[in-house]
Amino acid sequence: MSNNLRFKTSKFIDETYRVSFKFNNKTYFGFKGDTLASALLANGIHLVGRSFKYHRPRGIMTTGSEEPNAIIQLHDNSSRTEPNVRATEVEIYEGLVASSQNCWPNVNFDIGGINNLLSPILPAGFYYKTFMWPASFWEKYEYFIRKSAGLGKSPKVADPDIYEHKYIHCDVLVIGAGISGIMAAKMAAKNGFKTLLVDEKSYLGGSSIYDNSEFSKINNQITSSWLEKEINEISKIENLEIKTRTSVAAFHGYNFLLARENLTDHLPINQRENKVRQRLLKIRAKKVITATGSIERPLIFDNNDRPGIMLSSAIKKYIDLYGVACGENNILFTNNDTAYETAMSLIQRGIKINAIIDIREQIDSKISYEVEKNNIKIYKGYSVVDTYGYRRINKISIMKLSKDGQTVIGDKIKLNCDCLGISGGWTPAVHLFTQSGGKLKFREEDQVFIPNVYPSDQISIGSCNGDFGLDEIIKNTLSSIKKFLDIDNSEYKAVETISGLNQSKRNIWLLPSDKSIGKTKSFVDYQNDATAKDIKLALREGFRSIEHVKRYTTTGMGTDQGKLGNMHALGIISETAGTKMGEHGTTTFRPPYTPLTFGTIVGRNVGEFFDIFRRTPIHDWHVANNAEFENVGQWKRAWYYPKDNENMHQAVQRESKAARDSAGILDASTLGKIDIQGTDSSEFLNRVYTNAWSKLAVGKCRYGLMLNEDGMVYDDGVTTRLGENHYIMTTTTGGAANVLGKLEDYLQTEWPELDVYLSSVTDHYATISVCGPNSKKIVSKVIPDLDLSDEKFPHMSFKNAKIDNIKCRVMRISFTGEHSYEINIQANFGKSVWEKCMEAGKDFNITPYGTETMHLLRAEKGFIIVGQDTDATLTPIDLQMDWIVSKKKYDFIGKRSLYRSDTIREDRKQLVGLLTENPEEVLEEGAQIVADIKKSPIEMLGHVTSSYYSPNLKKSIALGVVKGGKNMLGQKLIIPMENKNINVTVADPVFLDKEGERLNAKL
Amino acid sequence: MFLITCPFCGEREQSEFKAGGEAHIVRPKQPTELSDDEWAEYLFMRKNIKGIQFERWNHVHGCRKWFNMVRDTSNDQIKAVYKMGEKPPVK
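Residues numbered from 1 in each chain as written. Chains lettered and ligands numbered in written order. Predicted model: local features only at pLDDT ≥ 70, side-chain atom pairs only at ≥ 80, totals over all residues.

(A) Seen up close, the overall build of chain B. Each helix and strand counted, chain B has one helix and six strands in total. Beginning at the N terminus, the succession of helices and strands in chain B can be written as β-β-β-α-β-β-β. The principal-axis extent of the C-alpha atoms belonging to chain B is close to 45 × 30 × 25 Å. Residues classed as buried in chain B amount to 12% of the 91 residues present. Long-range pairs, those at least 24 residues apart, make up 49% of the contacts in chain B between residues at least 6 apart in sequence. (Helix = DSSP H or I, 4+ residues; strand = E, 2+ residues; numbered from the N terminus. Buried ≥ 20, exposed ≤ 12 C-beta atoms within 10 Å, placed from the backbone. Contact = placed C-beta atoms within 7 Å.)

Next comes the structure, spelled out in structure tokens:
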């Protein structure tokens, strides 16, 4: 460590606690309290990264979340590796490992640096313009462009850390614990408001906490001492919660804010075990006070991006807070007085200032006179025109500015330096305010956007509201908070301030150069390598909207969202286009204010909680019996049960055959079940289904089809009349929740006069379907008391029964075309009844089958699956289900739409069966159906919706929708595939037992 | 995220609710008497106003009741909520 860069004076640095860390595989030392940036600077390292496009060497510019250059990869190759972290925000700890990004083989010698030499041919829009032709080549270009463009590397393994979400409700939220935030929090809390104060830093007090200058005093004390006492006082207030290392990411409507609280990132890895790393706070505040401060502006001039060029305020903070000198021979370049505060800090530590370049002709403030007294040469009315040094700045050249500031005149003076502090004034941090929907106004005097119209109960105070002087900040904070909180007692008696700074500044967005603009590289957006030249080019090419210029030049589109340079981009646009600032608006600030980790966003919703799933009461049996599962909605449904290394096809063939030859058993518990009661239940069903319900006798079941008002099929299922005014409706598995919602909607809003009550009972019952020629024998063993004779218990009827004294409902309904029974029993008995059925079916080779076999069996019968064979563009008529649409009923949902001019077209897509010429050939679901492959372009007639090999028919069968398919029976069509054309014939969609003999066979 | 005052439950987070489109569109009592155009008017035509809009909302993860809301779509301010069947408040 170069000792002459470290000053043992800061109370924020614990010099008794040495911390070792690795950067680019080399070990360095810092102290507890350092950030990675301050520790690197103390080791004399400025060059930490390469720029995005030109691979130019870049150094640390700032001290905070606005950092555009010093973005690094943390934890290198470990599972915790994290790209694009700002070195200025990383608190160092023992064992920290970090490395530079976007460079190869290393940051000091980077092959990509050749792009800098090629930069004259890499202007804004270069990629758009160059890699357009031929279009098909983009995929080839893309690989190399993506490889050479560079941010960090994503982790490749699961994140070992724990994250969580937390809701917080408070009366007052104060964002930012600078001087105005501290005062506001104290006023709010002392007046009884439940208050939360958050700050992104690890310490409170903002930039005033290290302000030891004699030039700004409060009540005759230096600012930092006064503020320390205030912080000490507020830490004792009971109804004030303070959270440091907490960055507000988003400010939404209705004062809903998201913040990230960092809990372990500053700890050595071995101390993070079992601790929550980051917490996403979901804050709902009655009132919000934004005190986010301001960000220093850089100055835009040729080669303003070399390592060693930093914000002037950053140099001050590295000295005063971290005790680190950024250079040994400094030059400051400014347009305002704040750089003189930096000068005073440097002078106090005896660090050399070679010169101050001030673009103002007149400087009239106490602090500037004091600096001059220390024999510092101030070049008034001068501007930097160029800088030198590849990996670190070593020289600058300056020239006199013309009166109007448009050109530079006279001789070039060269000055040596190893660090150049720049200050272009200050930009209020209005990001959160605008996120919340606030409208800004432009203040001409000092060229800043400040809050104007508040969209919710909130206020901005301090420098984020455009108050920059200490006296102004304190005076306005006191008065506006009193008014905002409607309180009399401000907790502050007369606060006297002294400030040696003058607020005058000379604003020039793009400083003139002695070179033509085309030969300069004046960076506006450091992270995305967007220069003033690029912005001017965009305007020359006709872009006018700030949003378009932004996207074309990528200005402000980096991970820093252009916190430093956005204002200059706006300024250069308005100067070039000859418009007034504010006229073009600003670009939109979008959340998050600083990047969030994915871990924080998902919180505990990882692993099995990422997308929670529902299990049927029989789930464990399926698992124990080797089932493969399929996701249906949120449900895990048994898909098929492979035996002895069967693949899916083999298992499904075996299951399908067994169900028709002897007996099959299916867990149908996932079907939606809605209990319907009330005196108008029959009328209600009449209105929601296409068929008639009034005459359905108690104890009978009926299949129903439900439409949307547009006439398209929405859902289907069997509904059973349990009593005079009592029905149970079944819906599709995936549609259950939506169907209930739709029925409730109609009941509450269109037909409130109907006496009908709905309850979802899907989870209350387990549903076991036993089918096949031996189903009757099996069920009679399970429920011996139940008379299963066709006379007493015919197809489409229901009986109450008991199994071991437990009530159950048995329906004789069928989705397979086989004789079958559905047993509905209280869910917690589901598994034992299933096992009983298995036991009873042992002698009949009862075969459990999953959803795949169910699909195959129903396809043999031509039964549709809503959502597979339909897609919200098919009417019942299109499905050849005219039989279910009542002609007599006056109205039902969707009826009127069935004879709109569009729905009565003959050439609509209609459901048909498809048989392949080669019975062994199974079609692909989703494959297109055509008639003429010679026509160009080929006309698509429809597509295959369901396709299987039927072991019962010993041939391939398929359902599909085909334009005008209803009238194409027997016609030959073609399914063109990648390497062959498959010939098919249009057939009846019912492939097996059209007469329904199997259902009614005497067993 | 809005704070919505359900007329039955009181103030709740927006995440408990579902928006249901334009309010005060009554399903025709005699759809069969309507021409295609008249039916299409009911079926498809919805306003998309920048400003004061009348909307249906459902407290889907709460009491499951539908109700109406007057919302300014330009700034998301909720001007009023009222039960189904009640007259909209005068602007």
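(B) The overall build of chain A, seen in detail. Helix and strand counts for chain A stand at 23 helices and 50 strands. Its C-alpha atoms give chain A principal-axis dimensions of roughly 115 × 70 × 55 Å. When the 1003 residues of chain A are sorted by exposure, 48% land in the buried category. Taking contacts inside chain A between residues at least 6 apart in sequence as the whole, the part at least 24 apart equals 66%.

(C) Inspection of the interface of chain B and chain A at higher detail. Contact residues are listed per partner, giving 18 residues for chain B and 22 residues for chain A. The leading source of residues in the side of chain B that touches chain A is helix α1 (residues 36-44) of chain B, at three residues. In the side of chain B that touches chain A, the residues fall into 10 nonpolar, three polar and five charged. (Nonpolar A, V, L, I, M, F, W, Y, C, P; charged D, E, K, R; others polar.)

(D) Region of the structure containing the pairing of strand β12 (residues 240-243) of chain A. All names here are of chain A. Side chains L240 and I242 project from β12 onto a buried face, and the interleaved E241 and K243 project onto a face without burial. Bridge analysis of strand β9 (residues 195-198) against β12 gives four bridges, and the strand direction is parallel. For L197, the partnering residue across the bridge sits in β12 and is I242. (Pairing = 2+ DSSP bridges.)

(E) Representation of the sheet that holds strand β5 (residues 71-74) of chain A in the model. Residue and element names in this part refer to chain A. Spatially, five strands are ordered β2-β1-β7-β5-β6 in an open sheet, and the strand pairing comes out mixed. Strand pairing shows two members of the sheet lacking a second neighbour, β2 (26-32) and β6 (82-86), which therefore form its edges. Geometrically, the sheet is characterised by an average inter-axis angle of 40 degrees between neighbouring strands, direction not taken into account. When β5 meets β6, the two strands line up antiparallel, connected through three bridges. Directly across from I72, in β6, lies its bridge partner V85. (Axes fitted to C-alpha atoms, helices over the stretch in contact; angles between N-to-C directions.)

(F) Region of interest: the sheet that holds strand β22 (residues 395-401) of chain A. Residue and element names in this part refer to chain A. The strand order across the open sheet formed by three strands is β21-β22-β23, and the pairing between neighbours is antiparallel. Bordering the open sheet on either side are β21 (382-388) and β23 (408-416), each of which pairs with just one other strand. In this sheet, adjacent strand axes meet at a mean angle of 25 degrees when their direction is disregarded. Both β22 and β23 contribute to a ladder of six bridges, which runs antiparallel. By the bridge assignment for β23, K395 is matched with N416.

(G) Structural detail: the packing of helix α12 (residues 532-540) of chain A against helix α13 (residues 546-553) of chain A. All names here are of chain A. Where α12 meets α13, the axes come as close as 10 Å, and the angle between the chain directions of the two elements is 125 degrees. Here α12 is positioned oblique relative to α13, judged by the angle of their axes. For the pair α12 and α13, the crossing hand works out as right-handed. In contact with D534, I535, A538 and L539 of α12, α13 contributes V549, Y552 and T553. For the contact of α12 with α13, the per-class residue count stands at five nonpolar, one polar and one charged. (Parallel < 35°, antiparallel > 145°, perpendicular 65-115°, else oblique. Left-handed = near helix turned anticlockwise from the far one by under 90°.)

(H) Inspection of the pairing of β9 of chain A at higher detail. Residue and element names in this part refer to chain A. The alternating pattern of β9 places T195 and L197 and L196 and V198 on opposite faces, both of which are buried. Here four bridges tie strand β8 (residues 162-175) to β9, and the two strands are oriented parallel to one another. Looking across to β9, one finds that I175 is bridged to V198.

(I) Structural context of the confidence of the model for chain B. In the predicted model, chain B carries a mean pLDDT of 95, and the fraction of residues at 70 or more is 98%. The ipTM assigned to the predicted complex is 0.98, against a pTM of 0.90. (pLDDT = per-residue confidence, 0-100.)

(J) Highlighting helix α21 (residues 830-841) of chain A. Along its 12 residues, α21 of chain A runs 16 Å from first to last C-alpha, staying within 8% of the 16 Å computed at 1.5 Å per residue. Tucked into the core, α21 of chain A has its buried residues touching α16 (619-624), β34 (664-667), β40 (765-771), α20 (775-782), β41 (797-803) and β43 (820-826) of chain A. (Expected span 1.5 Å × (residues − 1).)

(K) Representation of the nonpolar core in the model. Residue and element names in this part refer to chain A. Counting residues in each nonpolar core, the largest one holds 150 residues, and the members touching the most others are L173, V174 and A184. Ranked by residue count, the leading element in this core is helix α5 (residues 179-190), at eight residues. Sequence-distant contacts of V174, defined by excluding residues within four places in its chain, comprise G181, A184, A185, A188, T195, L197, I289 and A291. Formed by 93 residues, the second largest nonpolar core is a distinct cluster that contains V652, C701, L879 and L973. (Core = buried A, V, L, I, M, F, W, Y, C linked by C-beta atoms within 7 Å.)

(L) Highlighting the environment of E608 of chain A. Residues and elements named next belong to chain A. Assignment of secondary structure puts E608 in the loop between α15 (598-602) and α16. Residue E608 is classed as exposed on the basis of its C-beta count, with 8 C-beta atoms lying within 10 Å. For the pair E608 and Y689, spaced 81 residues apart in sequence, the C-alpha to C-alpha distance is 38 Å.

(M) Spatial organisation of the packing of α5 of chain A against helix α6 (residues 223-234) of chain A. All names here are of chain A. The N-to-C vectors of α5 and α6 enclose an angle of 35 degrees; their axes lie 10 Å apart at closest approach. Helix-helix and strand crossings are classified by hand; for α5 and α6 the assignment is left-handed. In contact with I179, I182, A185 and K186 of α5, α6 contributes L227, E230, I231, E233 and I234. Residues that form the contact of α5 with α6 fall into these classes: six nonpolar, no polar and three charged.

(N) View of the domain arrangement of chain A. Residues and elements named next belong to chain A. Domain parsing of chain A yields domain 1 (3-117), domain 2 (162-294 + 428-499), domain 3 (302-424), domain 4 (613-887) and domain 5 (905-999). Using only C-alpha atoms to locate each centre, domain 1 and domain 3 end up separated by 24 Å. Each side of the interface is counted separately: domain 1 has 24 residues, and domain 3 has 20 residues. Going through the elements one at a time, α1 (36-42) and β4 (57-59) are the ones with two or more residues in the side of domain 1 that touches domain 3. Here the residues of the side of domain 1 that touches domain 3 are counted per class, giving 10 nonpolar, nine polar and five charged. (Domains from an automatic or database assignment.)

(O) Spotlight on helix α7 (residues 312-320) of chain A. Residues and elements named next belong to chain A. For α7, a buried count of nine out of nine residues is recorded, marking the element as mostly surrounded by other parts of the structure. When we look at burial in α7, the residues that qualify are S312, S313, A314, I315, K316, K317, Y318, I319 and D320. Along its buried surface, α7 packs onto α1, β16 (294-296), β17 (309-311), β18 (329-334), α8 (338-348) and β24 (419-423).

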